[in-house]
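Here is what each chain is made of, one letter per residue.
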Amino acid sequence: MSSWFGQQSSGPDPLFLAKTEIEMYNDLFVKMSSTCFLKCRSNFKEPDLNIGEQSCIDRCSSKYMEAQEKVGEVMKRVNEQAEAQQKAMQDMQR
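Within an unreviewed UniProt entry, the label attached to the protein reads Mitochondrial import inner membrane translocase subunit, and the organism entered is Triparma strigata. Per its UniProt entry, the protein bears the Subunit (unreviewed entry) comment "Heterohexamer." Of the protein, the UniProt comment under Sequence similarities (unreviewed entry) reads exactly: "Belongs to the small Tim family."

The following block contains the structure:
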């Protein structure tokens, strides 16, 4: 990406990062919604959710988000360790 003075910026495109983040959150929401709906919805004759279905969806979505958060934390640690190993290898080669 070019700046006003023709210099190249070193980081990734912020618009690309924002679009990617929106797509990831959209995908997370779609997967969570379909998973919890299939698990919790039992009566298709009623137009609204009953109390049991509402509490099931609440618990399901909460657990889904907790699991995603834990996976994200593990992935972050793995990426940090990989970056540290890569830097150590580069330093050894110098």
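Having seen the structure, we can now continue with the description.
Student: Could you give an account of the layout of surface pockets, with specific residues and numbers?
Tutor: In this structure, the largest pocket encloses a volume near 340 Å³. Lining the largest pocket are Met24, Tyr25, Asp27, Leu28, Lys31, Tyr64, Met65, Gln68, Glu69 and Gly72. Those elements giving two or more residues to the lining of the largest pocket turn out to be α1 (14-40) and α2 (51-93). For the lining of the largest pocket, the class distribution of residues is 5 nonpolar, 2 polar and 3 charged.

Student: Describe the state of the cysteines, and please don't skip the residues or the numbers.
Tutor: Applying the stated rule across the entire model yields 2 disulfides. Between the sulfur of Cys36 and that of Cys60 lies a disulfide, 2.1 Å long from S to S. In this structure the cystine formed by Cys36 and Cys60 twists about its S-S bond by roughly -85°; its chirality is therefore left-handed. Of this pair, Cys36 sits in helix α1 while Cys60 sits in helix α2, and the two are 24 residues apart along the sequence. Each member of the pair, Cys36 as well as Cys60, is classed as buried. With its sulfur 2.0 Å from that of its partner, Cys40 forms a disulfide with Cys56. What sets the handedness of the Cys40 and Cys56 disulfide is the S-S torsion sign, and at about -70° it is left-handed. Residue Cys40 is located in helix α1, and its partner Cys56 is located in helix α2; the two are separated by 16 residues in the primary sequence. Note on accessibility: Cys40 and Cys56 belong to one class, buried. Looking at the protein, its bonded cysteines, counted consecutively from the start of the sequence, adopt the pairing 1-4, 2-3.

Scoring rules and cut-offs
- Residues numbered from 1 in each chain as written.
- Predicted model: local features only at pLDDT ≥ 70, side-chain atom pairs only at ≥ 80, totals over all residues.
- Heavy atoms only, no water.
- UniProt positions renumbered as here; feature names shortened; annotations may be inferred.
- 1 Å grid on protein atoms, 1.4 Å probe; cavity = no way out; pocket = protein on both sides within 12 Å on 5 of 7 lines; lining within 4 Å.
- Points joined across faces, edges and corners; volume = space filled by probe spheres on them.
- Helix = DSSP H or I, 4+ residues; strand = E, 2+ residues; numbered from the N terminus.
- Nonpolar A, V, L, I, M, F, W, Y, C, P; charged D, E, K, R; others polar.
- Disulfide = S-S within 2.5 Å.
- Buried < 20%, exposed > 50% of the residue type's maximum accessible area, 1.4 Å probe, protein only.

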